[in-house]
Amino acid sequence: MIEAKAREFICDMGRSMFERRLTFGSSGNISVRVNDGWLMTPTGSSLGRLDPARLSKLDDHGRLVGGDDPTKESFLHLAMYRERAKAGAVVHLHSTHSVAVSCLDCINHEDVLPPITAYYVMRVGKLPLIPYYAPGDKALGEAVGKAAAKHNAVLLANHGPVVAGTSLSAAVDAIEELEETARLYLLLHGKPTRYLNEDQIADLYRRFPPQG
Ligand SMILES: [Zn+2]
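These figures come from a predicted structure and were not determined experimentally. (Residues numbered from 1 in each chain as written. Predicted model: local features only at pLDDT ≥ 70, side-chain atom pairs only at ≥ 80, totals over all residues. Heavy atoms only, no water.)

A. Main features of the coordination of the zinc ion. Only E73 (OE), E73 (OE), H92 (NE2), H94 (NE2) and H159 (NE2) from the protein coordinate the zinc ion, and they sit 2.0 to 2.8 Å from it. Donor residues for the zinc ion sit on one chain with the sequence pattern E-x18-H-x1-H-x64-H. Here H159 lies in the loop between strand 7 (153-156) and strand 8 (160-165) and H94 lies in the loop between strand 5 (89-92) and helix 3 (96-102), a separation of 65 residues in the sequence. Accessibility expressed as a relative area gives 13% for H159, which makes it buried. (Donors = N, O, S within 2.8 Å, 3.2 Å for Na, K, Ca; no water. Helix = DSSP H or I, 4+ residues; strand = E, 2+ residues; numbered from the N terminus. Buried < 20%, exposed > 50% of the residue type's maximum accessible area, 1.4 Å probe, protein only.)

Right, dumping it as structure tokens:
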């Protein structure tokens, strides 16, 4: 993506997610791959009030070459990119329903959310839970990288989701789908529920092969 356009788009998407309460305070971060590295949201910044000129610019090695210091969670983004060659963007949120699900005791750590809808299966697929680590612990990056080799979305325990997409639109669509599915899961909790069955899921993957 052309850098000037990517800068504007990151700010527009950040504001949109902030205004719809998918993120709050200075939580959440966005990165986009550009020709010569990455653009990333700065540390301590609110996604609702990003300045295109102050976004962090990292080179191909992940070193800061322009703008403000990047989010302290930049290593999560770089871990996703290292394992996913087609990833063009990564979004991480502390979105309420996804965080709530990440704290539940009864979830399947290999695949946290059931296949409630076709769009969840198509945009997110399987969602592994990454064990809890303190903020900034580099072991978290290693754990995310391991899971990212097979998954475009992961859920950090007691923390929130990290999602990669071929483009920023794709990554935002997927993380929003994940958040809404977490909300549905909590709404349905304790009620007898019909999820998509294996044949229906296999048919979806045939029609819409996973991207990014
Ligand atoms: Zn976080």
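B. Structural context of the sheet that holds strand 5. Strand order in the open sheet formed by 8 strands is 4-3-2-1-5-8-7-6, with mixed pairing between adjacent strands. Lying at the two open borders of the sheet, with one neighbouring strand each, are strand 4 (64-66) and strand 6 (129-130). Bridge count between strand 1 (residues 29-34) and strand 2 (residues 37-40): 4 bridges; the pairing is antiparallel. Bridge pairing in strand 2 places V32 opposite L39. Packing of helix 6 (residues 168-188) onto the sheet brings it into contact with strand 1, strand 5, strand 7 and strand 8, and relative to strand 8 it is tilted by some 145 degrees. (Pairing = 2+ DSSP bridges. Contact = heavy atoms within 4.5 Å. Axes fitted to C-alpha atoms, helices over the stretch in contact; angles between N-to-C directions.)

C. Quick peek at the pattern of salt bridges. For the structure shown, the criterion picks out 11 salt bridges. One salt bridge in this structure joins K57 and E3, with 2.9 Å as the shortest N-O distance. Taken together, the residues K57 in strand 3 (residues 56-58) and E3 in helix 1 (residues 3-19) connect sequence positions 54 residues apart. According to the relative accessible area criterion, K57 is buried, its value standing at 10%. Between D59 and R63 there is a salt bridge, with its nearest N and O atoms 3.1 Å apart. (Salt bridge = Lys/Arg side-chain N within 4 Å of Asp/Glu carboxyl O.)

D. Expanded view of the nonpolar core. If you look at the biggest cluster of nonpolar residues, it comprises 37 residues, and the most contacted ones within it are L113, L127 and L168. Of all the secondary structure elements, the ones that give two or more residues to this core are helix 1, strand 1, strand 5, strand 7 and helix 6. Contact partners of L168, with chain neighbours within four places excluded, come to F9, I10, M13, I30, V32, A89 and V91. Within the second largest apolar cluster, 21 residues are counted, among which are L58, L140, V144 and A148. (Core = buried A, V, L, I, M, F, W, Y, C linked by side-chain atoms within 4.5 Å.)

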